[in-house]
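# Chain and residue survey
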Amino acid sequence: MEQDIVSLTSSGDVLFMMLGAVMVFAMHGGFAFLEVGTVRKKNQVNALVKILVDFSVSTLVYFLIGYAIAYGMYFFQPAKTLIGENQGYELVHFFFLLTFAAAVPAIISGGIAERAKFWTQALAAAIFVAIVYPIFEGMVWGQITFLGQDDSWLAGLTGGIPFHDYAGSVVVHSMGGWIALAGVYILGPRLGRWDSQGRSRPIPISNVPFLALGSWMLCVGWFGFNVMSAATMSGISGLVAVNSLMAMIGGVLVALWVSKNDPGFIHNGALAGLVAICAGSDKVHPLGALIIGGLAGAIFVKGFTWEQEKLKIDDVLGVWPLHGISGSWGGIACGIFGQESLGGMGGVSILAQTIGTVAAIVIALVSGFIVYKMLDSLFGIRLEADEEMKGSDLTIHKLESYPEDVTSRFG
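Residues numbered from 1 in each chain as written. Predicted model: local features only at pLDDT ≥ 70, side-chain atom pairs only at ≥ 80, totals over all residues. Heavy atoms only, no water.

## As for the overall build of the chain
Assigned secondary structure in the chain consists of 17 helices and zero strands. Here the C-alpha radius of gyration of the chain, 21 Å, is about what a compact globule of 411 residues would show, namely 22 Å. Principal-axis analysis of the C-alpha atoms places the extent of the chain at approximately 75 × 50 × 40 Å. Across the 411 residues in the chain, those meeting the buried criterion constitute 56%. Partitioning the contacts of the chain with sequence separation of at least 6, the portion at a separation of at least 24 is 77%. Total accessible area computed for the chain in this model is approximately 16,800 Å², and 69% of it derives from carbon and sulfur atoms. Computed over 21 positive and 29 negative side-chain charges, the separation of the two mean positions in the chain equals 15 Å. (Helix = DSSP H or I, 4+ residues; strand = E, 2+ residues; numbered from the N terminus. Rg over C-alpha atoms; globule rule 2.2 N^0.38 Å. Buried < 20%, exposed > 50% of the residue type's maximum accessible area, 1.4 Å probe, protein only. Contact = heavy atoms within 4.5 Å. Areas by Shrake-Rupley, 256 points an atom, 1.4 Å probe, with all protein chains shown as cover. Lys, Arg positive; Asp, Glu negative; His and termini not counted. Charge placed at Lys NZ, Arg CZ, Asp CG, Glu CD.)

Printed below as a string of structure tokens:
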């Protein structure tokens, strides 16, 4: 009887992790359609292919290298050993965490869209997912005792309270957004984005319905991203679910107000709120989550405008303010709104959250510049001017997103 109960519990946890992995895997379709709806028609096929190929490359390198770096688990064992006594839980746990790791190149993709070479970006994705991301992941969630473990040096510095990031505001989103900033900066702006006098020439969103579809797919999958981070059925928390919801609507409503009804900002505002709440979704009060998400919505609207118009950084989807800055805000906000004095669960430190967040920014920027500079010097990371003008769909994939348009022009 006892053995049956243990087996049933293991089966439930495997199913729980599997459902979470599938929900987050579906988010990658959201990343794809968010990019498809934002870029011009001549780059839509490339957006769809990039996300799928980057996910495939990420799967391979994370299976062979990255997961072992972060957690010390190698898969070069017989299948019977891999299944073990818990019905292969570690395998679906790998699948779940892979979907997090593969989000990093998916985030980067939106920033460097419309002018990056295909294969050099796939190679960059492999390096980030095999080495850079797992090192920081291991420092927070895994075997590299540094930031997030109870016996880490950071916990010793802050009275026994380590860095806390429940579902990846910093580990996934901030890392992805700040790496993207390095890539965007080295690539330079798209042709025609600014004129010879430096005056802005905005490139409009190509398809609002596709952008909205991408946002909705991401929002739905995000509840797997956050809630299933519990890793087991016994650890599931209704607080995480409701906090995710409240942060999302906070991001929507503030972005609606600050942007004066702009649909692109509104749909991305939902994502900014969800990015920011990941870290503290298990720690803050729902009203705190509403404030965190609302401020993230404002950060995205103002940050995207500042990035484009003042800094003149051509970050196509605004992934630096959306994931990088909002993710960093979420890491620090966990230390603020997670305090019991503000209705939170306690057990968090503002100092630890700040140090962990800054560490992610430094690692992401340094590694991003090194990788992209190295690839640029070896292979070049940007399309030639005539290829960019023609569009990455025809240049790379030899196919337009709407081939019947070509037929109709000649028939």
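## Focus: the packing of helix α2 (residues 44–71) against helix α6 (residues 118–140)
Packing of α2 against α6 brings their axes to within 8 Å, and their N-to-C directions diverge by 35°. For the pair α2 and α6, the sense of crossing is right-handed. Of the residues assigned to the contact of α2 with α6, the class counts are 18 nonpolar, five polar and three charged. (Axes fitted to C-alpha atoms, helices over the stretch in contact; angles between N-to-C directions. Left-handed = near helix turned anticlockwise from the far one by under 90°. Nonpolar A, V, L, I, M, F, W, Y, C, P; charged D, E, K, R; others polar.)

## Notes on a nonpolar patch on the surface
Where nonpolar side chains cluster on the molecular surface, the patch consists of Leu60, Phe63, Leu64, Ile65, Tyr74, Phe76, Ile131 and Ile135 and spans about 750 Å² of accessible area. Counting only elements with at least two residues in the nonpolar patch, the list comes to α2 and α6. Broken down by element, the residue count for the nonpolar patch peaks at four residues, all from α2. Tracing the chain through its elements places isoleucine 135 in helix α6. (Patch = residues over 30% accessible without salt bridge, like charges linked within 9 Å, V, L, I, M, F, W, Y side chains within 5 Å. Salt bridge = Lys/Arg side-chain N within 4 Å of Asp/Glu carboxyl O.)

## Digging into the environment of alanine 279
Its place among the elements puts alanine 279 in the loop between α11 (263–277) and α12 (286–310). Separated by 64 residues in the primary sequence, alanine 279 and glycine 343 have C-alpha atoms spaced 16 Å apart.

## Some points on the packing of helix α13 (residues 319–337) against helix α14 (residues 350–378)
Packing of α13 against α14 brings their axes to within 7 Å, and their N-to-C directions diverge by 170°. For the element pair α13 / α14, the angle class is roughly antiparallel. Across the interface between the two elements, Ser328, Gly331, Ile332, Cys334, Gly335 and Ile336 from α13 touch Ile350, Gln353, Thr354, Thr357 and Ile361 from α14. (Parallel < 35°, antiparallel > 145°, perpendicular 65-115°, else oblique.)

## A closer look at unusual backbone geometry
Even without a glycine there, the phi angle at glutamine 87 is positive, about 60°. Position of glutamine 87 relative to the elements: it lies in the loop between α3 (79–83) and α4 (89–101). Given the relative accessible area of 36%, glutamine 87 is considered partly exposed.

## Topic: the packing of aromatic side chains
Under the defined criterion, the tally for this structure stands at 23 aromatic pairs. Aromatic side chains phenylalanine 96 and phenylalanine 100 sit 4.9 Å apart centroid to centroid with 55° between the ring planes, which places their arrangement in the tilted category. Within this pair, phenylalanine 96 and its partner phenylalanine 100 are both found in helix α4, separated by four residues, close to a single helical turn. Each member of the pair, phenylalanine 96 as well as phenylalanine 100, is classed as buried. (Phe/Tyr/Trp six-rings, centres within 6.5 Å; stacked < 30°, edge-to-face > 60°.)

## Here's the deal with the confidence of the model for the chain
The predicted coordinates of low-pLDDT regions are not to be read in fine detail. Within the chain, residue pLDDT values average 95, and 97% of them lie at 70 or more. Across residues 407–411 the pLDDT falls below 50, and counting only partners more than four positions away or on other chains, this stretch makes one contact in the model. (pLDDT = per-residue confidence, 0-100.)

## Some remarks on the side chain of threonine 38
Along the chain, threonine 38 falls in helix α1 (residues 2–38). Overall, the relative accessible area of 14% leaves threonine 38 in the buried class. Apart from the residues lying within four places of it in its own chain, the contact partners of threonine 38 are Pro204, Ile205, Ser206, Leu211, Val316 and Leu317.

## Some words on the environment of glycine 168
Tracing the backbone through its elements, the reader meets glycine 168 in the loop between α7 (153–157) and α8 (169–187). Along the sequence, glycine 168 and glycine 331 sit 163 residues apart, while their C-alpha atoms lie 8.6 Å from each other. The residues touching glycine 168, leaving out its near neighbours within four places in the chain, are Trp141, His173 and Cys278.

## Quick notes on α11
Between its first and last C-alpha, α11 extends 22 Å over 15 residues, near the 21 Å set by a 1.5 Å rise per residue. In terms of burial, α11 is largely enclosed, as 13 of its 15 residues are buried. (Expected span 1.5 Å × (residues − 1).)

## Quick look at the nonpolar core
Residues Phe136, Ile179, Trp222, Phe225 and Tyr372 are the most contacted members of the largest nonpolar core, which totals 109 residues. Here the element with the most residues in this core is α8; it accounts for 11 residues. Excluding anything up to four places from it in sequence, tyrosine 372 contacts Ile108, Ile112, Gln121, Ala124, Phe128, Ile179, Ala182, Gly183, Ile186 and Ile381. (Core = buried A, V, L, I, M, F, W, Y, C linked by side-chain atoms within 4.5 Å.)

## Quick look at the environment of serine 7
When you line up the elements, serine 7 lands in helix α1. According to the relative accessible area criterion, serine 7 is partly exposed, its value standing at 30%. Considering only alpha carbons, one finds serine 7 and glutamate 85, 78 residues apart in sequence, at a separation of 8.6 Å.

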